[in-house]
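Inside the fold
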Amino acid sequence: MIQAQKGTKDILPEDVLTWQNMEQKANEVFSKANFQELRTPIFEATELFARGVGDSTDIVNKEMYTFEKSERSLTLRPENTAGVVRAYIEHGFSRLPQPVKLWYKGPMFRYERPQAGRQRQFHQVGVEMFGSAEPSADAEVINLAVKYLNELGLNDLEIEINSLGCPDCRAKYREAIKTVLKPYLPELCEDCNFRYEKNPLRILDCKVDSCKKIFEKDEVQKVILGDFICPECKEHFEKVKEYLTALNIPFKENKLLVRGLDYYNRTVFEIKSNNLGSQNAVCGGGRYDSLVETLGGVSTPAVGWAMGMERLFSLIQKFKSKRLDVFVVSENIAETFKIIDELRTNGFSAEFDYANRKFKKQLDKAAKTAKYALILMEDELKSNTVTIKNLDSSEQVNVSRDEYLSYIKI
Ligand code: ATP
Ligand code: MG
């Protein structure tokens, strides 16, 4: 028996209404803020992610689905910011009035150890805003994440924010972190040792307990809590916080929040839920002012986020499948098709028995699946009428073919 691959899941019909609702709410919330949907391909040149996500990240180092085709190296997208930036450059979006505001949804692929809240094919919804370096852009995208989560009925989430500063302040911070952690290198995990050379700030993101203990040491805390941010970056961050406060969005500052990707600067944020167990982040994002230029475009500031839809799904209330409106009970298939068509055209869901079963069996099926049975047997056909039976109350009426539609109340 061939089965679905490890880390992949079928989304079954019983869950699809809930997924459709997540997608529809995304469309509604983002459209109202004048964000437009962009759909990019599921595979891209491997180099896009190597350069765009960064080769010191777990994603690029361990998690990519990469394959060769016609001597090209291709990769199933592990995230979508790089793809959106590629499209922004390729279609000359920098010539449009800025900011350009985009959103997306769709599957992403990462070769990770599958566990609760972690799959190899999973889905993200995300927004990206290009062309504004202002703190109002940071606040707007965080605002949209919160509004979207609220629309899905999620209110008790924790928002953590931090500022990584600009490349200048980052360089000073990086050196200080390197200096203070140097004596601890033998105690830090293998990944942290690798990050120490490539991207030392990422060490602070390590989830290994023995590493986390080292971050708690006084001299390390002093560096982490120290003020490396230059006055401009500080003012930017203060403004973001001021706007979030004006929006009534509660947040916590977390100096350890550095995010997994290489390209972030200034504002970074994460939204967490306490109801998710250890994979508790629903949303992660931040500002990435250098990425467009890194990927070959004109220097364009940008800010955005991505949310894991499986994690959202597990938090939100589920929709039940809707009951069928009308089941047509008849032994005359040609007449049934006519009436079924009329019902569907008028906005009702309708089906019939495709198995030539007898009247009684058809009525049983109708009672199990539908709100109304529409009976079209010999008597009805002769008198050009239909019998409509309300399957909840068992009341039934015989009415003419011209006016039966008004008797169906959904
Ligand atoms: P984590 O620390 O959980 O690995 P990440 O930093 O790799 O997260 P991002 O790349 O920021 O995650 O992706 C944004 C969101 O996508 C995450 O907050 C999470 O909700 C979701 N996500 C990431 N990886 C997976 C996965 N393998 N399976 C399901 N959801 C995921
Ligand atoms: Mg990850």
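Residues numbered from 1 in each chain as written. Chains lettered and ligands numbered in written order. Predicted model: local features only at pLDDT ≥ 70, side-chain atom pairs only at ≥ 80, totals over all residues. Heavy atoms only, no water.

Looking only at helices and strands, the protein has 15 helices and 16 strands in total. Projected onto its principal axes, the C-alpha positions of the protein cover 95 × 50 × 45 Å. The burial tally for the protein puts 51% of its 410 residues in the buried class. Excluding contacts between residues fewer than 6 apart, the proportion of contacts in the protein whose partners are at least 24 apart in sequence is 69%. Accessible area of the protein: about 21300 Å², with a carbon and sulfur share of 49%. Each charge class in the protein was averaged separately, 59 positive and 61 negative side chains, and the resulting centres sit 2 Å apart. (Helix = DSSP H or I, 4+ residues; strand = E, 2+ residues; numbered from the N terminus. Buried < 20%, exposed > 50% of the residue type's maximum accessible area, 1.4 Å probe, protein only. Contact = heavy atoms within 4.5 Å. Areas by Shrake-Rupley, 256 points an atom, 1.4 Å probe, with all protein chains shown as cover. Lys, Arg positive; Asp, Glu negative; His and termini not counted. Charge placed at Lys NZ, Arg CZ, Asp CG, Glu CD.)

If you add up the space inside the second largest pocket, you get close to 380 Å³. Around the second largest pocket, the lining comprises 21 residues; the ones closest to its centre are K9, W19, Q119, E310 and F313. For the lining of the second largest pocket, the secondary structure elements donating two or more residues are α1 (13–32), β6 (121–130) and α12 (309–315). Element by element, the count of residues in the lining of the second largest pocket is highest for α12, at four residues. (1 Å grid on protein atoms, 1.4 Å probe; cavity = no way out; pocket = protein on both sides within 12 Å on 5 of 7 lines; lining within 4 Å. Points joined across faces, edges and corners; volume = space filled by probe spheres on them.)

What follows is about the domain arrangement of the protein. With domains assigned, the protein is organised as domain 1 (13–166 + 229–315) and domain 2 (324–407). Domain 1 and domain 2 are separated by 49 Å when their C-alpha centres are compared. (Domains from an automatic or database assignment.)

If you check the shell around ligand 1, you find 14 residues, and the closest are R110, E112, Q119, R259 and A281. At 2.5 Å from an oxygen atom of ligand 1 is found a side-chain nitrogen or oxygen belonging to R259. The contact in question runs from an oxygen atom of ligand 1 to an N or O atom on the side chain of R311, over 3.4 Å. Considered on its own, ligand 1 offers 590 Å² of accessible surface; in the complex 87% of this is hidden by protein. Counting only elements with at least two residues in the shell around ligand 1, the list comes to β6, β10 (281–287) and β11 (302–308). Here the element with the most residues in the shell around ligand 1 is β10; it accounts for three residues. (Near = heavy atom within 4 Å. Polar contact = N/O pair within 3.5 Å; in protein donor to acceptor, adjacent residues only side chain to side chain.)

The pairing of strands in a sheet happens through backbone hydrogen bonds and is either parallel or antiparallel. The eight strands lie next to each other as β1-β5-β6-β11-β10-β9-β7-β8, forming an open sheet whose pairing is mixed. The sheet is open, and its two edges are formed by β1 (36–37) and β8 (252–253), each paired on a single side. Contacts between α1 and the sheet are confined to β5 (100–109), β6 and β11, with β5 contributing the most and set at about 165° to the helix. Relative to the sheet, helix α5 (residues 135–151) contacts β6, β7 (158–163), β9 (265–272), β10 and β11, its axis offset from that of β11 by approximately 20°. (Pairing = 2+ DSSP bridges. Axes fitted to C-alpha atoms, helices over the stretch in contact; angles between N-to-C directions.)

What follows concerns the nonpolar core. Nonpolar side chains tend to gather and get buried jointly when the protein is soluble and globular. Within the largest apolar cluster, 53 residues are counted, with the highest numbers of intra-cluster contacts made by F130, I177, L181, L188 and F215. Discounting chain neighbours no more than four positions away, the residues touching L181 are L188, Y196, I203, I214 and V220. (Core = buried A, V, L, I, M, F, W, Y, C linked by side-chain atoms within 4.5 Å.)

Our next topic: the sheet that holds strand β15 (residues 385–390). Strand order in the open sheet formed by five strands is β13-β12-β14-β15-β16, with mixed pairing between adjacent strands. Each edge of the open sheet is held by one strand with a lone partner, namely β13 (350–352) and β16 (396–400). Across the sheet, the axes of successive neighbouring strands diverge by a mean angle of 25°, strand direction being ignored. Note that strand β12 (residues 324–330) and β13 share three bridges and pair parallel.

According to the stated counting rule, one finds twelve aromatic pairs in the structure shown. Between F30 and Y148 the ring centres are 5.4 Å apart and the planes differ by 50°, which places this aromatic pair in the tilted class. One end of the pair, F30, is in helix α1; the other, Y148, is in helix α5, with 118 residues separating them in the sequence. Taking relative accessible area as the criterion, F30 reaches 0% and is therefore assigned buried. One aromatic cluster is present, built from ring pairs that chain together F30, W103, Y148 and W305. Against the face of Y196 rests K178, its NZ or CZ located 5.2 Å from the ring centre. The ring of F313 carries K318 above its face, with NZ or CZ at 4.7 Å from the centroid. (Phe/Tyr/Trp six-rings, centres within 6.5 Å; stacked < 30°, edge-to-face > 60°. Lys NZ or Arg CZ within 6 Å of the ring centre and 35° of its normal.)

Further remarks concern empty space enclosed by the protein. Applying the stated criterion across every chain yields a total of one cavity of 30 Å³ or more. Of the pockets and cavities examined, the largest cavity occupies roughly 60 Å³. L164, R170, N199, V258 and L261 are the residues nearest the centre of the largest cavity, which is lined by ten residues in total. Partitioning the lining of the largest cavity into residue classes produces five nonpolar, one polar and four charged. (Nonpolar A, V, L, I, M, F, W, Y, C, P; charged D, E, K, R; others polar.)

What follows is about the state of the cysteines. Summed over the entire model, instances satisfying the criterion amount to zero disulfides. For the unlinked cysteine C189, the closest cysteine sulfur is that of C192, found at 3.7 Å. For C192, which is in no disulfide, the shortest distance to another cysteine sulfur is to C206 and amounts to 3.6 Å. A relative accessible area of 0% means that C192 is categorised as buried. (Disulfide = S-S within 2.5 Å.)

What follows covers the packing of helix α6 (residues 167–181) against helix α9 (residues 218–225). Helix packing for two helices is described by the angle between their axes and how far apart those axes are. Interaxial distance between α6 and α9 falls to 10 Å at its minimum, and their mutual angle equals 175°. By the angle between their axes, α6 is roughly antiparallel relative to α9. Across from Y173, A176, I177, V180 and L181 in α6, the residues of α9 making contact are E219, V220, V223 and I224. Considering only residue class, the contact of α6 with α9 consists of eight nonpolar, no polar and one charged. (Parallel < 35°, antiparallel > 145°, perpendicular 65-115°, else oblique.)

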